[in-house]
Amino acid sequence: APGAGRRPLGGAAAPGRPADRPRRPAVTPSRSGLVTIPGGKLTTYGERAADTIDEVVDQPDGRLDARIGRSRTRKLALRGTDGYESAREGADAATAHLVDRYGGEARTLLAMIASDPSLGQPLVAGLPYVRAEATYAARYEMAGTVDDVLARRTRARLLARDASADAADDVAALIGPVLGLSPTEQAAQADAYRAAVAAEHAAERSPLAALDG
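Quick caveat, the model's predicted, so the values are computed rather than measured.

J.: For this particular structure, what's the right way to read the overall build of the protein chain?
T.: Looking only at helices and strands, one finds 11 helices and 2 strands in the protein chain. In the protein chain, which comprises 213 residues, the share counted as buried stands at 32%. In the protein chain, once contacts between residues fewer than 6 apart in sequence are set aside, the share between residues at least 24 apart is 48%. In the form shown here, the protein chain has an accessible surface area of approximately 13,600 Å², with 56% of it arising from carbon and sulfur atoms.

Here's what the structure looks like:
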């Protein structure tokens, strides 16, 4: 299905459904010293990274400097936690949406809106995202396409697919200057996004989709 992902499961193959196999990732060192970590989820990437670093540091081959300690990940605050509480106090509905999504980094989006009030307007009809979020995604979150903004940096494609397709041109115009896209490239990205949405509709109307139901 469009947008579907695959996650490798650790452990030896066993009979039965894949869904019955354990999800707990395993950090596994090889004889050569390569450390592998199959499984895991994006939402626990920090914990998995810490496990991997700790395993590398604990290798008995002595190749690492003895002064290197164990991972500090568990003690590091996530980006956006600084300033979250103060930004949340007294926030109106629009500001609260940004603070809840970006934490303390919402200050950057609010400054963008203060500089250009049009960026505080809705990005996609019926959804809480504002236009500043598209610009922010391209400038600070490595979004490189209209699809990145509407399908990944926001959940617009999942929550309001057709409305997100209607917003494709506006999103392209917002991220175009940040990414150095020409008007032709902006139009091509918007067209590609609409084509992807149309393909999803076509897939849902296919005989195979009916059988799936």
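J.: Is there a simple way to think about the environment of Pro 183 in this case?
T.: Among the structural elements, Pro 183 can be located in helix α10 (residues 183-205). Note on Pro 183: relative accessible area 65%, which makes it exposed. Sequence separation between Pro 183 and Ala 172 is 11 residues, and the spatial gap between their C-alpha atoms is 8.9 Å.

J.: Explain the nonpolar core to me, please; I cannot follow it from the model alone.
T.: As a rule of thumb, nonpolar side chains are buried together in soluble globular proteins. Counting residues in hydrophobic clusters, the biggest one holds 34 residues, and the most contacted among them are Leu 123, Val 146, Val 149, Leu 150 and Val 171. Elements with a contribution of two residues or more to this core: α3 (93-102), α4 (106-115), α5 (131-140), α6 (146-153), α9 (168-179) and α10. The residues contacting Leu 123, other than those within four sequence positions of it, are Tyr 129, Val 130, Arg 131, Ala 134, Val 149, Leu 150, Ala 167, Val 171 and Leu 174.

J.: Please clarify how the pattern of salt bridges should be interpreted in this entry.
T.: Pairing between side chains becomes possible if they bear opposite charge and their charged atoms approach one another. Going through the model one piece at a time under the given rule, you end up with 10 salt bridges. For the salt bridge of Arg 101 with Glu 133, the shortest nitrogen-to-oxygen distance reads 2.7 Å. Here the residue Arg 101 occupies a position in helix α3, and Glu 133 occupies one in helix α5, the gap between them amounting to 32 residues. Classification of Arg 101 by relative accessible area gives partly exposed; the value is 32%. Here Glu 204 and Arg 161 are joined by a salt bridge, their closest N and O atoms 2.9 Å apart.

Parameters at a glance
- Residues numbered from 1 in each chain as written.
- Predicted model: local features only at pLDDT ≥ 70, side-chain atom pairs only at ≥ 80, totals over all residues.
- Heavy atoms only, no water.
- Helix = DSSP H or I, 4+ residues; strand = E, 2+ residues; numbered from the N terminus.
- Buried < 20%, exposed > 50% of the residue type's maximum accessible area, 1.4 Å probe, protein only.
- Contact = heavy atoms within 4.5 Å.
- Areas by Shrake-Rupley, 256 points an atom, 1.4 Å probe, with all protein chains shown as cover.
- Core = buried A, V, L, I, M, F, W, Y, C linked by side-chain atoms within 4.5 Å.
- Salt bridge = Lys/Arg side-chain N within 4 Å of Asp/Glu carboxyl O.

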